[in-house]
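# Structural overview for review
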Amino acid sequence: GQQLNQSPQSMFIQEGEDVSMNCTSSSIFNTWLWYKQDPGEGPVLLIALYKAGELTSNGRLTAQFGITRKDSFLNISASIPSDVGIYFCAGLSNAGNNRKLIWGLGTSLAVNP
Amino acid sequence: ETGVTQSPTHLIKTRGQQVTLRCSSQSGHNTVSWYQQALGQGPQFIFQYYREEENGRGNFPPRFSGLQFPNYSSELNVNALELDDSALYLCASSLDGFQETQYFGPGTRLLVL
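Quick look at the structure, then. (Residues numbered from 1 in each chain as written. Chains lettered and ligands numbered in written order. Predicted model: local features only at pLDDT ≥ 70, side-chain atom pairs only at ≥ 80, totals over all residues. Heavy atoms only, no water.)

## Brief notes about the layout of surface pockets
- Its boundaries defined by the atoms lining it, the largest pocket holds a volume of some 370 Å³.
- Taken together, 20 residues form the lining of the largest pocket, with Ile86 and Phe88 of chain A together with Gln37, Gly40 and Gln41 of chain B sitting closest to its centre.
- The biggest single contributor to the lining of the largest pocket is strand 9 (residues 85-93) of chain A, with three residues.
- The residue inventory of the lining of the largest pocket, partitioned by class, reads seven nonpolar, ten polar and three charged. (1 Å grid on protein atoms, 1.4 Å probe; cavity = no way out; pocket = protein on both sides within 12 Å on 5 of 7 lines; lining within 4 Å. Points joined across faces, edges and corners; volume = space filled by probe spheres on them. Helix = DSSP H or I, 4+ residues; strand = E, 2+ residues; numbered from the N terminus. Nonpolar A, V, L, I, M, F, W, Y, C, P; charged D, E, K, R; others polar.)

Next up, the structure:
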């Protein structure tokens, strides 16, 4: 099935460092979402973006909806150990009447305390 | 407020068998979406049910079918299981078909031998 290009695939950083990850698509999306998934759990929504160029923050997290509507990035500032997990981007496709979320392959984040 | 629950948590089946997975939506939600997440991949949208009707479908064969009940809980049925069906199956509930604000359950881990 279709999946978005998400990079990097994995990151190993020191506590306190900033993190940046991005997501690109060959298709245009009207909505970009960023999720975090912990082991044994379902994904949890972090940030939703609804307009091209939009920059939205949620605590230490900041995400932007690219101007071309084909990309988005997520930044985490001053990382802490509980940031460990897999981060997914997802784009909402409104093709016809079939609205469906297309997901990235995920970025696995490890934080060294 | 009750969160999204799924059962069973784990399941082992053999090729050719049939399986039924269950999902209870969050209180007040009338929409359930099902996803398949293979190991190391992002979730893939299977289908969505809104008020007991299928309301969108991803690229999955007809042997993947579903139901939604009047209390908005849902079932995912998979016939003629194949080895590649081994995955984490996630359900997510939301209001009025909006995937942007959905809440995920913890998933059912299916292993097909």
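Still to come is the rest of the account.
## A look at the interface of chain B and chain A
- With 22 residues of chain B at the contact, the number on the chain A side is 22 residues.
- Between chain B and chain A the total buried area reaches about 1700 Å² when both faces are included, carbon and sulfur atoms providing 46% of it.
- Across the chain B-chain A interface, the total number found is zero salt bridges.
- At the junction of chain B with chain A, the criterion picks out four residue pairs in polar contact (both at pLDDT 80 or more).
- Within the residue set of the side of chain B that touches chain A, elements represented by two or more residues are strand 4 (31-37), strand 5 (44-50), strand 6 (53-57) and strand 9 (87-94) of chain B.
- Its residues assigned to classes, the side of chain B that touches chain A shows eight nonpolar, twelve polar and two charged. (Contact = heavy atoms within 4.5 Å. Buried area = accessible area lost by both parts, 1.4 Å probe. Salt bridge = Lys/Arg side-chain N within 4 Å of Asp/Glu carboxyl O. Polar contact = N/O pair within 3.5 Å; in protein donor to acceptor, adjacent residues only side chain to side chain.)

## With respect to unusual backbone geometry
- Of note, the bond from Ser7 of chain A into Pro8 of chain A is cis; its omega dihedral lies within 30 degrees of zero at -5°.
- Pro8 of chain B follows Ser7 of chain B through a cis peptide bond whose omega is -10°.
- With respect to the helices and strands, the residue Pro8 of chain B is situated in the loop between strand 1 (5-7) and strand 2 (10-13).
- A positive phi is found at Arg69 of chain A, a non-glycine position, where the angle reads about 70°.
- As for its placement among the helices and strands, Arg69 of chain A is situated in the loop between strand 7 (61-65) and strand 8 (71-76).
- Of the residues examined, Arg69 of chain A reaches a relative accessible area of 30% and is grouped as partly exposed. (Buried < 20%, exposed > 50% of the residue type's maximum accessible area, 1.4 Å probe, protein only.)

## Topic: the nonpolar core
All names here are of chain A.
- Ranked by internal contacts, the top residues of the largest apolar core, which has 22 residues, are Trp32, Trp34, Leu74 and Leu109.
- Among the secondary structure elements, those contributing two or more residues to this core are strand 2 (10-14), strand 3 (19-24), strand 4 (31-37), strand 5 (44-49), strand 7, strand 8, strand 9 and strand 11 (107-112).
- If sequence neighbours within four positions are ignored, Leu74 has contacts with Val19, Ser20, Met21, Trp34, Leu46, Ile47, Leu61, Thr62, Ala63 and Tyr87. (Core = buried A, V, L, I, M, F, W, Y, C linked by side-chain atoms within 4.5 Å.)

## So, the sheet that holds strand 1 (residues 5-7) of chain A
Residues and elements named next belong to chain A.
- Judged by pairing direction, the sheet is antiparallel, and its five strands sit side by side in the order 1-3-8-7-6 without closing on themselves. The open sheet has two edge strands, strand 1 and strand 6 (55-58), and neither has a second partner. Going across the sheet, the axis of each strand differs from the next one's by a mean of 15°, ignoring polarity.
- Pairing between strand 3 and strand 8: six bridges, direction antiparallel. (Pairing = 2+ DSSP bridges. Axes fitted to C-alpha atoms, helices over the stretch in contact; angles between N-to-C directions.)

Just distances and angles here, no functional claims.
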